[in-house]
Amino acid sequence: MGQCVRLTEETKKIIGIQYSKGEAMSTLLFWATGNRQQATGNRQQATGNRQQATGNRQQATGNRQQAWLQKHRLTRWLAKLFVALSLVVSGEALAEVETVPPVQKWAVANGVNSLWNFNFYQLSKSEACLFFYNTWVVNAGYPPHTYIGDNGTYCRWTNFFDHLGIAAQQGIYWSKYDCPDPNVNPDVPYTYRPATNTCERELKYKLTLTPDSATIEPGQSYEFTATVTTLDDKQPGISVPVSVKAEVEANSGGHDHGEKVAKRDKGKVSPANGSNSFQINFTSTQVSGIHTITATCDQCVNKTAVAKVNVMVASLETIPSSAFYAFIGGEEDKPHHDNHYLTPAAAERLLVMAINYRSQQRFKVLDWNTNIRVTPSVLHVNDASLMWGGRFDIKANWTNPHITHMRGIEVDIRANDEVGAIDARNFKAFEKMLDDVVGGKTGRAKYLLECTADKPGSLLKHERKAENLCISRLTLSPDTNRHYHIRLIGAK
Amino acid sequence: MITAQLKTATKTEPTILSKNKLIENWIIRYTYTLSNGSKAKQPIEDVMFRGLPPKANILNSLVITGSDNSNLIEFFESSLAVPNNQWYGSGARHQEELIIGWHYSADSFDPQLGLQPGASLKGFGFNSIDLPGVWIAQIVGNVGYHHFQPLYENDSDVDELMSEIEYNDFVPRNVAAPMISVSAPFDPAIVMENIRTHVATWPGKQLAEAAFAAQLDLNLQAAANAYRTNQPEAAKGYIEILLDMIRRDHKDIDREDDEDNDGKNDSQKTNTQHLTIDRLAARVLDFDLKYVLKRMRHEGEENDGKKSKDKESRKER
């Protein structure tokens, strides 16, 4: 019977066994086979006895070495632990280690030393045995023989002769422990740890951010969840840090001026740092646009996870063209080129208002030259809302003064002295018409004759040098910015 | 602290006299006489009817259709009669919201313009096939530019409060307005039910005492049921009872206020006697019930006429 020995590094060095990195020779079975071999073996044995005597002396030395190794195994283990901890202290990140049991694989050889370097292993004894048979026995041109199989401890076939011409009935087994191929994240293999007879690898994580998109209104908040898990969706056993930040596309939401005048607020995320799994609150600004929330995890295989947030007022559409009104504003030298968006309901009220203005006899004004009452020009429609609504920063600086125009229900109508403006003689009738047509169930419409913004220190919202008509007392000319600001859909 | 100032439009002393007259083809003419009391501090510049039934009928309107040929908006400028060229009618029906009104025509915000204190003007009106009920007219005085100064940001709490004040900045007066739809073809049971539905709102508006309104309701319901079961004579009997009930408090209810030569209109006909029903409400109900009787009589005469023609034509054969 052979004997099983566990070969330590030192022992292997003593007996000169080579092995590839990562392998461990844990069990070695030596079998002498065949009667003739045995006879030979007897003669060898005599020689061997002499050798054995020598070997015994060597073994005695080896035994003393082994005894020493056994005695100091705890010391050696502590040394390894110290190394591991040193790595931690030196700044390398704490890592979780995934441990799995190794797989015992088998190979067969005929005992020639060079065959110890087989690099192939079958998974079971039978597979190893059969592989050896096909590779060596059949192909090596040995005399005809039949593979019988294995009896659980060694291969068997008939009429097999070794290189000395001695019939053999068994192959030689050896096994090794190897690490299985990972099911999850197969790119990172396990490493065999002989000291513990386990397979290990550093756990990898993945980061998710849910949901991956959202749509909210300006000024609102939304909750996301950042989650770190192992690659097989288990919770980490350690704290894995995650950082969060928000970005914004500078030209998004209809703000084609970008950051030429001022930096754009990216919105706010809270908290900016967390670990494993935590809620992230994103609060948008009053400015519509496309925001990106990015969560970063350095220990994760995917490093970052991203969610997109559309900050917008829903259901705004381009105001349809009509013969009853004309569009102004949005010139090339202005920051916002696309400024004519309303909700469909508001657009319909605008049309109704415009039709009324052109249809009512009341709005015909006297032409001083011809002394004939003429139909006024169509309403000239200036700023409504941007394509996604939100704050309309007419100075491209992300702030007011164009305070309203956020929700696609308000519009400015020209009322200065330029072409297409509402004649001042029609102001009163125009306002009455707004009450009748636009007011709806709430009664009077919300509208305002607006002028240039306040001068500092003034209590008035708009500069009105003459009674509510925005006329300069100095020059008697109307404010060039004078217009009707109309809320087409009732308040709230 | 910022203070805001609103010049309220409620310094008028308005009265508005309603008249209803049945003209050809079962059309009802609604006319109004507007007066401003001599002690008023403001001229009147607007008379508005807001919140009429969305489908209330007003004849001779201008309908604009949308691109899909559905009705986009209905304008009433051409429907509304005005006393003179200093006033104009305006109004629209859009998405089942109906507002009509009359406005003093002004090219400026001069607060002196409008129906002056002590003045009276008749000739406001329109035609409708709907029966009159009682509604509230909003009488607005002229204050020039009537919004709050200074102004606040939309949707702020202050803005909401100020808007509420502005929206209610008028003097209310009861008027006869087209509140009760008349079915086509004419169905007296349906019309009686519509009258009944409208009258049921009167106690809440202090137009009739609850007990009296309950009695009205019983008889209105009985009349409707009688018509429904083809018992017109029985229905007529219930209507006569209703007319008697009305006349208990208002003997001369079937005469127009300016025909009785007592110099008083509805709101001025106060007396020390306790009234179970408001005079305008009584007059409106009186008109409506008589309309039904008249129409049923006409329908009956028409049917009789048809029968005798058929009989004659058969005889000829």
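What counts and how
- Residues numbered from 1 in each chain as written.
- Chains lettered and ligands numbered in written order.
- Predicted model: local features only at pLDDT ≥ 70, side-chain atom pairs only at ≥ 80, totals over all residues.
- Heavy atoms only, no water.
- Helix = DSSP H or I, 4+ residues; strand = E, 2+ residues; numbered from the N terminus.
- Buried < 20%, exposed > 50% of the residue type's maximum accessible area, 1.4 Å probe, protein only.
- Contact = heavy atoms within 4.5 Å.
- Areas by Shrake-Rupley, 256 points an atom, 1.4 Å probe, with all protein chains shown as cover.
- Pairing = 2+ DSSP bridges.
- pLDDT = per-residue confidence, 0-100.
- Disulfide = S-S within 2.5 Å.
- 1 Å grid on protein atoms, 1.4 Å probe; cavity = no way out; pocket = protein on both sides within 12 Å on 5 of 7 lines; lining within 4 Å.
- Points joined across faces, edges and corners; volume = space filled by probe spheres on them.
- Nonpolar A, V, L, I, M, F, W, Y, C, P; charged D, E, K, R; others polar.
- Phe/Tyr/Trp six-rings, centres within 6.5 Å; stacked < 30°, edge-to-face > 60°.
- Salt bridge = Lys/Arg side-chain N within 4 Å of Asp/Glu carboxyl O.
- Expected span 1.5 Å × (residues − 1).
- Axes fitted to C-alpha atoms, helices over the stretch in contact; angles between N-to-C directions.
- Parallel < 35°, antiparallel > 145°, perpendicular 65-115°, else oblique.
- Left-handed = near helix turned anticlockwise from the far one by under 90°.
- Core = buried A, V, L, I, M, F, W, Y, C linked by side-chain atoms within 4.5 Å.
- Domains from an automatic or database assignment.

## Things to note about the overall build of chain B
If you tally the helices and strands in chain B, you get 5 helices and 10 strands. Expressed as a percentage of the 317 residues in chain B, the buried residues total 50%. Considering only contacts within chain B whose residues lie at least 6 apart along the sequence, 72% involve residues at least 24 apart. Of the accessible surface of chain B, which amounts to about 15600 Å², a share of 50% is contributed by carbon and sulfur atoms.

## Some details on the pairing of strand β14 (residues 241-248) of chain A
All names here are of chain A. Residue alternation in β14 divides its side chains into a buried set, Val-242, Val-244, Ala-246 and Val-248, and an unburied set, Pro-241, Ser-243, Lys-245 and Glu-247. As paired elements, β14 and strand β16 (residues 273-275) share 3 bridges and run antiparallel to each other. Its bridge partner being in β16, Ser-243 is matched across the sheet by Asn-273. Strand direction decides the pairing type here: β14 and strand β18 (residues 289-296), joined by 6 bridges, are antiparallel.

## Overview of the confidence of the model for chain B
Model confidence for chain B is summarised by a mean pLDDT of 86, while 85% of its residues fall at 70 or above. Scored below 50 in pLDDT, residues 257-265 of chain B makes 18 contacts in the model with residues more than four places away or belonging to other chains.

## Regarding the state of the cysteines
Residues and elements named next belong to chain A. Using the criterion set out here, one finds 2 disulfides over all chains in the structure. The disulfide bridge from Cys-179 ends at Cys-199, spanning 2.1 Å between sulfur atoms. Classification of the bridge connecting Cys-179 and Cys-199 rests on its S-S torsion, roughly -100 degrees, and on that basis the disulfide is left-handed. Here Cys-179 is found in the loop between β8 (172-178) and β9 (191-193), whereas its partner Cys-199 is found in strand β10 (residues 198-202), with 20 residues between them in sequence. In terms of burial, Cys-179 and Cys-199 fall into one category: buried. The side chain of Cys-297 participates in a disulfide bridge whose partner is Cys-300; the two sulfur atoms lie 2.0 Å from each other. Here the disulfide of Cys-297 and Cys-300 is right-handed, its torsion about the S-S bond being about 75 degrees. Just as Cys-297 is buried, Cys-300 falls in that class too.

## What about empty space enclosed by the protein?
Evaluation of the coordinates by the stated rule reveals 5 cavities of 30 Å³ or more. For the lining of the largest cavity, the class distribution of residues is 3 nonpolar, 2 polar and 5 charged.

## As for the packing of aromatic side chains
All names here are of chain B. For the structure shown, the criterion picks out 18 aromatic pairs over all chains. Where Tyr-30 meets Phe-126, the ring centres are 5.1 Å apart and the plane angle is 15 degrees; that geometry is what we call stacked. One end of the pair, Tyr-30, is in strand β2 (residues 28-36); the other, Phe-126, is in strand β8 (residues 120-128), and 96 residues separate them in sequence. You can call Tyr-30 buried: its relative accessible area is 0%. Taken together through their ring pairs, the aromatic side chains of Tyr-30, Tyr-32, Phe-49, Trp-87, Trp-102, Tyr-104, Phe-124 and Phe-126 make up a single cluster.

## Here's the deal with the confidence of the model for chain A
Residue and element names in this part refer to chain A. Here chain A shows a mean pLDDT of 74. Residues at 70 or above account for 62%. Counted against residues more than four places away or in other chains, residues 112-117, with its pLDDT under 50, gives 7 contacts. Here residues 454-463 is modelled with pLDDT under 50, and outside its nearest four sequence neighbours on either side it reaches 24 contacts, counting other chains as well.

## A word on the pattern of salt bridges
Taken as a whole, this structure holds 23 salt bridges over all chains when the rule is applied. Between A:Arg201 and A:Glu98 there is a salt bridge; the shortest N-O distance is 2.8 Å. Here A:Arg201 is found in strand β10, whereas its partner A:Glu98 is found in strand β2 (residues 97-100), with 103 residues between them in sequence. Across the pair, exposure class does not vary: A:Arg201 and A:Glu98 are buried alike. Among the ionic contacts, a cluster of salt bridges with common partners joins A:Lys428, A:Lys432, B:Glu45 and B:Asp46.

## A look at helix α3 (residues 210-228) of chain B
All names here are of chain B. With 19 residues, α3 ought to run about 27 Å at 1.5 Å a step, and its terminal C-alpha atoms sit 26 Å apart, in line with that. Within α3, burial applies to Phe-212, Ala-213, Leu-216, Asn-219, Leu-220, Ala-222, Ala-223, Ala-224, Ala-226 and Tyr-227. A positive phi of about 60 degrees marks Asn-230, the residue just after α3.

## Focus: the packing of α3(B) against helix α4 (residues 232-249) of chain B
Residue and element names in this part refer to chain B. Between α3 and α4, the least distance of the axes is 7 Å, while the angle of their chain directions is 160 degrees. Between α3 and α4, the crossing angle belongs to the class labelled roughly antiparallel. Remark: the crossing between α3 and α4 carries left-handed chirality. Listed contacts from α4 to Phe-212, Gln-215, Leu-216, Asn-219, Leu-220, Ala-222, Ala-223, Ala-226 and Tyr-227 of α3 are Pro-232, Ala-234, Ala-235, Tyr-238, Ile-239, Ile-241, Leu-242 and Met-245. The residue inventory of the contact of α3 with α4, partitioned by class, reads 15 nonpolar, 2 polar and no charged.

## Description of the environment of B:Thr12
Residues and elements named next belong to chain B. Mapped onto the fold, Thr-12 is located in the segment before β1 (14-22). According to the relative accessible area criterion, Thr-12 is buried, its value standing at 7%. Other than its neighbours up to four places away in sequence, Thr-12 contacts Asn-36, Ala-40, Gln-42, Pro-43, Ile-44, Ile-139, Gly-141 and Val-171.

## A short note on the nonpolar core
Across soluble globular proteins, nonpolar side chains have a tendency to be buried as a group. Within the largest apolar cluster, 69 residues are counted, with the highest numbers of intra-cluster contacts made by B:Phe49, B:Met192 and B:Ile195. Counting residues per element, this core draws most heavily on helix α5 (residues 279-316) of chain B, which supplies 10 residues. Both domains that meet at this core, namely domain 1 (1-181) and domain 2 (182-317) of chain B, each give it at least three residues. Filtering out sequence-adjacent residues up to four positions away, B:Phe49 remains in contact with B:Tyr32, B:Leu98, B:Ile99, B:Ile100, B:Trp102, B:Phe126, B:Ala137, B:Val175 and B:Ala177. Counting 41 residues, the second largest nonpolar core, distinct from the first, contains A:Ala415, A:Ile422, B:Ile64 and B:Tyr145.

## Section: unusual backbone geometry
Residues and elements named next belong to chain A. Here the amide bond leading from Thr-210 into Pro-211 is cis, since omega sits at -10 degrees, within 30 degrees of zero. As for its position among the elements, Pro-211 is in the loop between β11 (205-210) and β12 (213-216). Omega for the peptide link from Ser-270 to Pro-271 comes to 0 degrees, which places this bond in the cis form. Among the structural elements, Pro-271 can be located in the loop between β15 (268-270) and β16.

## Things to note about the side chain of A:Asn426
Residue and element names in this part refer to chain A. Summarising the element assignment, Asn-426 is placed in the loop between β26 (410-414) and α6 (427-438). For Asn-426, a relative accessible area of 1% gives the class buried. Ignoring sequence-local partners within four residues, the contact set of Asn-426 consists of Tyr-357, Arg-362, Phe-363 and Val-365.

## Remarks on the sheet that holds β2(B)
Residue and element names in this part refer to chain B. Taken together, the 3 strands give an open sheet; going across it, the order is β1-β2-β8, and neighbouring strands pair in antiparallel fashion. Each end of this open sheet is capped by a strand with a single partner; those strands are β1 and β8. Across the sheet, the mean angle from the axis of one strand to that of its neighbour is 20 degrees, orientation sign disregarded. Of the strand pairs in this sheet, β2 and β8 are connected by 8 bridges, and their pairing is antiparallel. Note on β8: the bridge partner recorded for Tyr-32 is Phe-124.

## Considering the packing of helix α2 (residues 188-199) of chain B against α3(B)
Residue and element names in this part refer to chain B. Two elements in contact, α2 and α3, have axes separated by 8 Å at closest approach and are oriented at 165 degrees. One element, α2, and the other, α3, form an angle in the roughly antiparallel class. Considering the relative orientation of α2 and α3, their crossing is left-handed. In contact with Pro-188, Ala-189, Met-192, Glu-193, Ile-195, Arg-196 and Val-199 of α2, α3 contributes Leu-216, Asp-217, Leu-220, Gln-221, Ala-223, Ala-224, Tyr-227 and Arg-228. Taken together, the residues that form the contact of α2 with α3 break down as 10 nonpolar, 1 polar and 4 charged.

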